Amino acid sequence: MSKLHVSTTVNGDSVEFLCDPRETLLDCLRDKLNLTGAKEGCGTGDCGACSVTVDGRLVCSCLMLGVEADGKDIATVEGMAEGEELHPLQQKFIEYAALQCGICTPGVLVAAKALLEKNPDPTEEEARYWLAGNLCRCTGYDKIIRAVMDTAADMREAS
Amino acid sequence: MKDNVSVQGTAHSDRIHDSAIKHVTGRADYTDDIALPTGALHAYLGVSDVAHATLKSIDLSAVRAAPGVVGVLTAEDVPGVNDISPTGLNDEPVFPTDKIQFHGQPLFAVIAETRDAARRAAERAQIDCDVLPHALDPIAAQEAGYPYVTKPLKLERGDIAPAFKTAPNRIKGRMSVGGQDHMYLEGHIAFAIPGEDDDVVVHCSTQHPSEAQHMVAHVLGVPSNAVVVNVRRMGGGFGGKESQMNLFCAVAAIAAKKWNRAVKIRPDRDQDMTATGKRHDFVIDYDVAFDEVGRIQALDGSFAARCGFSADLSGPVTDRALFHADNAYFYPNVRLTSHPMKTNTVSNTAFRGFGGPQGVIAAERIIEEIAYATGQDPLDVRKANFYGGEGRDLTPYHQTVEDNILDRLVSELEDSAEYRQRRQEIIAFNADSPVLKKGIALTPVKFGISFTATWYNQAGALVHIYNDGSIHLNHGGTEMGQGLNTKVAQIVAEAFQVDIDRIKITKTTTEKVPNTSATAASSGTDLNGMAALDAVRQIQARLVDFAVETWGVAPDEVVFRANEVHAGAQVFPFDAFIKQAYLARIQLSAAGFYKTPKIHWDRDKGQGRPFYYFSYGAACSEVMIDTLTGEYRVERTDLLHDVGRSLNPALDKGQVEGAFVQGMGWLTTEELWWDDTGRLRTHAPSTYKIPLASDRPRIFNVNLADWSENRELTIKRSKAVGEPPFMLGISVFEALSMAVASVAGYTTCPRLDAPATPERVLMAVTRLRDGG
């Protein structure tokens, strides 16, 4: 199948790539742009390991085609830190040891960032249900939730 | 004298995971993130769609003709031995030649230019076979006269027959305990690069690089020295990557050598779940005799397991179920037998606890039976049966329990969780609440630490100091998120008294440490930490000799302290000292080794000391169920767990929390379900439900028993932590049982089977309301 030309913005950078119209955004990010932070956990939108935002909206990049990214603004985990300065969520995840094997972590962070942008003052219940789309098999979620709630409190104080 | 004041990241500190910054920035490379060399090919498995059949032929012409396909691999393409049985039983072909033994069994592999092309082409095969009757579960297998996949075990102590005759009470029952999929977020993956001569390098995500190396050599028909297996990190393992990666490593390596191109294989989630093994399901029959106060006098237990089509690790898994069928309780007279049944399902394998949880839950069911029969709080029955002093300290495998701390641990949790008071409140609540019912349970765990295959209890490490003073650390364990690398680096930092940042933790590779054991049985830190310490001690001994000779000081005047080395009055920065040692031609590299002392096991007699020590823990959980729908939620959980002197409390608490939630999942929402044709219908997270962030207990208090210290000489007196807290999840199951029992006035043991899905809870409520 002939390839299509896609122009998009990823983490603020303009990028272009050619892709088979059947390729997922996840595969395009990983294989064409070498952004391997988003992972394929299930390929069916059930685990959240491939979470990215598209024009600010949280999506599973395994459920979206690469060609659909044309003209959109994509954000991945690689864009969270400013250079070497980590995003407050990233700092708190380290501080709280809210990660173990780390493979769900990029997706969880992208989802948590999207939550706090939408709702800077979530209840714990809201945070837990928002992150229910991101599976983690290692941590049992407790430290993740506490890191997110603490980050939210800090960010509210700072703003 | 140790002075840790100005040294960062030594033992017993909350050091962050060594990859934490890479994890949060997406820069931690997993096997799937390694850039492929030019010309790399992709493999995908073609699988059976029947559970049991005589295989007549496989027509692969349409597969070969599909776009992008380079070739296919079948049994005929295996250059060496077509077997990847980890226990050498020759019962597990890479690809079968004459029979299909389970639905989803890999039959061939397609090699193509892209993964997508290989995956599409695999669907085009024409399989010609004669379908045979199949048996999916252990009871059906017994009824159909299926064999054991491996030799069963019997543990026996005392004489059960007289006790059964004279005991005032006796209960017989049966419990079904479901299996569990590992659902590591990173699935199976292997990536092989051909080298010169017979050589091949395999990057993969295995907990057992040495076994993968030996298996690849075996199927290629080359010596082990031609094969290198590398593992930087895994995206979760939980036992699912102990033996199951062998298949993928073998396929990638055979294809890489055949086409002389790099080959990667990564099944999709459905194929990962259907083609690789899981936790064993068990059907447990128990017959228990006990006195008026609920003290057990005799137990006869039979443990039948769904092992799948081959042995894999089913022998040691079913053995460990028997080793833990006592949990924390003394059985004066006992007989336990295992029945490792062959079934037409995927071959079940290691999973956190390795059969132990299935033994422990049987013990807890028996306690529950006695509590309802005698009208007592189950916690009182537990306490009455705890291992005690002389005369009540011998396990069914004749090992003496010498380190029991459960009396203190359980009492502390009982107080901190306010168990007694809350139980009374819950009973009062239930009396006034017709629909919603609560339950609470406090359950203990005692878990034996060591591989029961005694020879696995060995480890190696390799430590180099380069002449700039930087330290390179390698050991035979693998990192799957548990923080093993961090803990071992902390041990090295402590021993050298240098900041942990000076130490580079490197990928696990068969090139550096040979003949390693699986990172399994919770043993990673116990074994590899000791091996690394041995390497450090060797280098330090040479450095001390060097300082004694050079500066004329006594050996005890040479001290490693706070990133410095003191030789009498002379003080050198570590770097400068190392530079001088190098110039004086001191060997700055050492291979360390460790083997666990004291353990021995005679399987034929069923006697010995298979475990170096025991780890302990206790959990108290409160749940609320809806008796109209069976739905429930966990209101509160309190955990108190023993890790000896914790090497890293932050990492250890993470293990305890994660294990508890995983154990809770096993017993609540995680249901494996095969249809009548033998097809696994819960094949992905769409249909197989692991706990979510929203399922975490509403109140969750997690503590380590910080007063505990391993009485054995383990690394820094710590204890293993990976598996034991998994069984803390049983408290949720038992609490659900109490909530169900409330509908019949707590007089009938609800006999919930696991997992206690909402459907099962509702069925149990209905059964009890209908009078049992």
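Residues numbered from 1 in each chain as written. Chains lettered and ligands numbered in written order. Predicted model: local features only at pLDDT ≥ 70, side-chain atom pairs only at ≥ 80, totals over all residues. Heavy atoms only, no water.

By the naming in an unreviewed UniProt entry, chain B is Xanthine dehydrogenase molybdopterin binding subunit, taken from Ruegeria spongiae.

Where an unreviewed UniProt entry is consulted, chain A appears under the name (2Fe-2S)-binding protein, with the organism given as Ruegeria spongiae.

## Quick notes on the overall build of chain B
Along its length, chain B carries 19 helices and 29 strands. Principal-axis analysis of the C-alpha atoms places the extent of chain B at approximately 85 × 75 × 50 Å. For chain B, the share of sequence-separated contacts (at least 6 apart) that also reach a separation of at least 24 residues comes to 81%. Looking at chain B as shown, the accessible area adds up to about 25900 Å², and 49% of this sits on carbon and sulfur atoms. For chain B, the separation between the mean place of its 78 positive charges and that of its 96 negative charges on side chains is 1 Å. (Helix = DSSP H or I, 4+ residues; strand = E, 2+ residues; numbered from the N terminus. Contact = heavy atoms within 4.5 Å. Areas by Shrake-Rupley, 256 points an atom, 1.4 Å probe, with all protein chains shown as cover. Lys, Arg positive; Asp, Glu negative; His and termini not counted. Charge placed at Lys NZ, Arg CZ, Asp CG, Glu CD.)

## Considering the domain arrangement of chain B
Residue and element names in this part refer to chain B. We note that the domain assignment places domain 1 (20-28 + 458-595), domain 2 (34-133 + 182-275) and domain 3 (282-452 + 603-769) within chain B. With centres defined by C-alpha atoms, the gap from domain 2 to domain 3 works out at 36 Å. In this assembly, 26 residues from domain 2 lie in contact with 28 residues from domain 3. The junction of domain 2 with domain 3 conceals about 2300 Å² of combined surface from both sides, 62% of it contributed by carbon and sulfur atoms. Our count for the domain 2 to domain 3 interface comes out at zero salt bridges. At the junction of domain 2 with domain 3, the criterion picks out 12 residue pairs in polar contact (both at pLDDT 80 or more). (Domains from an automatic or database assignment. Buried area = accessible area lost by both parts, 1.4 Å probe. Salt bridge = Lys/Arg side-chain N within 4 Å of Asp/Glu carboxyl O. Polar contact = N/O pair within 3.5 Å; in protein donor to acceptor, adjacent residues only side chain to side chain.)

## Quick word on the pairing of strand E1 (residues 41-47) of chain B
Residues and elements named next belong to chain B. Counting buried positions along E1 yields six of seven residues, so the element is predominantly enclosed. Examined bridge by bridge, E1 and strand E12 (residues 263-265) share three bridges and lie parallel to one another. Considered in E12, the bridge of His42 is made with Lys264. Direction of pairing for E1 relative to strand E5 (residues 106-112): antiparallel, over a ladder of six bridges. If you follow His42 over to E5, its bridge partner there is Ala112. (Buried < 20%, exposed > 50% of the residue type's maximum accessible area, 1.4 Å probe, protein only. Pairing = 2+ DSSP bridges.)

## Description of the domain arrangement of chain A
All names here are of chain A. When its domains are assigned, chain A resolves into domain 1 (4-79) and domain 2 (88-158). A straight line from the C-alpha centre of domain 1 to that of domain 2 covers 21 Å. If you look at the interface, domain 1 gives 12 residues, while domain 2 gives 12 residues. Overall, the association of domain 1 and domain 2 removes approximately 920 Å² of surface from exposure, summing both partners, and the carbon and sulfur fraction of that is 68%. If you sort the residues of domain 1 by the area they bury against domain 2, Cys47, Leu58 and Val77 come out on top, with a joint share of 45%. Between domain 1 and domain 2 we count zero salt bridges in total.

## Some remarks on the interface of chain A and chain B
In this complex, chain A contributes 45 residues to the contact, which on the side of chain B involves 53 residues. The largest per-residue losses of area from chain A upon contact with chain B belong to A:Gln100, A:Arg128 and A:Arg137, which jointly make up 21% of the total buried on that side. In this assembly, chain A and chain B are joined by 10 salt bridges. Among the ionic pairs, B:Arg696 bridges to A:Asp142, the shortest N-O distance being 2.2 Å. Viewed at the interface, chain B and chain A are joined by 24 residue pairs in polar contact (both at pLDDT 80 or more). Its residues assigned to classes, the side of chain A that touches chain B shows 22 nonpolar, nine polar and 14 charged. (Nonpolar A, V, L, I, M, F, W, Y, C, P; charged D, E, K, R; others polar.)

## Here's the deal with the sheet that holds strand E13 (residues 282-290) of chain B
Residue and element names in this part refer to chain B. As summarised here, the arrangement of the five strands in space is E7-E15-E14-E13-E8, forming an open sheet in which the pairing is mixed. Two strands bound the open sheet, and with one partner strand each, they are strand E7 (154-157) and strand E8 (169-177). Each strand axis lies, on average, 10 degrees off the axis of its neighbour in the sheet, ignoring direction. Relative to strand E14 (residues 296-308), E13 runs antiparallel, the two being bridged by nine bridges. Residue pairing for E14: Asp285 is matched across the bridge by Ser302. (Axes fitted to C-alpha atoms, helices over the stretch in contact; angles between N-to-C directions.)

## Quick look at the packing of helix H10 (residues 356-374) of chain B against helix H18 (residues 730-741) of chain B
All names here are of chain B. Direction vectors running N to C along H10 and H18 enclose 30 degrees, while the axes themselves pass 11 Å from each other. Overall, the two elements H10 and H18 adopt an arrangement that is roughly parallel. Remark: the crossing between H10 and H18 carries right-handed chirality. Facing H10, whose interface residues are Pro357, Val360, Ile361, Glu364, Arg365, Glu368 and Tyr372, H18 presents Ile730, Phe733, Glu734, Ser737, Met738 and Ala741. (Parallel < 35°, antiparallel > 145°, perpendicular 65-115°, else oblique. Left-handed = near helix turned anticlockwise from the far one by under 90°.)

## With respect to the packing of helix H11 (residues 378-385) of chain B against helix H13 (residues 419-432) of chain B
Residue and element names in this part refer to chain B. Look at H11 against H13: their axes get within 11 Å of each other, and the N-to-C directions meet at 145 degrees. Along the contact surface, H11 presents Pro378, Leu379, Asp380 and Lys383, while H13 presents Tyr419, Arg420 and Arg423. Its residues placed into classes, the contact of H11 with H13 shows three nonpolar, no polar and four charged.

## Some thoughts on the sheet that holds strand E19 (residues 503-505) of chain B
Residues and elements named next belong to chain B. Overall, mixed pairing links the four strands, which are arranged E19-E18-E17-E24 in an open sheet. The open sheet is flanked by E19 and strand E24 (589-595), the only strands paired with a single partner. Each neighbouring strand pair of the sheet contributes to a mean axis angle of 20 degrees, computed without reference to strand direction. Summarising the sheet, strand E17 (residues 458-465) and E24 pair through seven bridges and their orientation is antiparallel. Its bridge partner lying in E24, Ala461 is registered against Gly592. With respect to the sheet, helix H14 (residues 484-496) is in contact with E17, strand E18 (471-475) and E19, its orientation differing from that of E18 by roughly 130 degrees. Against the sheet, helix H15 (residues 524-551) engages E17, E18 and E24, with an angle of about 140 degrees to E24.

## Quick look at the packing of aromatic side chains
Residue and element names in this part refer to chain B. As enumerated under the stated definition, the model contains 24 aromatic pairs over all chains in all. Ring plane angle 85 degrees and centroid distance 5.7 Å describe the contact between Tyr397 and Phe611, whose orientation is recorded as edge-to-face. Remark: Phe611 occurs in the loop between strand E26 (607-609) and strand E27 (613-626) and Tyr397 occurs in the loop between H11 and helix H12 (406-416); sequence separation between them is 214 residues. Taking the relative accessible area as the measure of exposure, Phe611 reaches 0% and is therefore buried. A ring pair is formed by Phe546 and Trp551, whose centres lie 5.5 Å apart and whose planes are at 75 degrees; its orientation type is edge-to-face. For the residue pair Phe546 and Trp551, the accessibility class agrees, reading buried in each case. Through pairs of rings, three or more aromatic residues link up here, namely Phe496, Phe546, Trp551, Phe560, Phe572, Phe574 and Phe577. The cationic tip of Arg233 hangs over the ring face of Tyr30; the distance from NZ or CZ to the ring centre is 5.8 Å. Sitting above the plane of the Phe614 ring, Lys446 keeps its charged end 4.6 Å from the centroid. (Phe/Tyr/Trp six-rings, centres within 6.5 Å; stacked < 30°, edge-to-face > 60°. Lys NZ or Arg CZ within 6 Å of the ring centre and 35° of its normal.)

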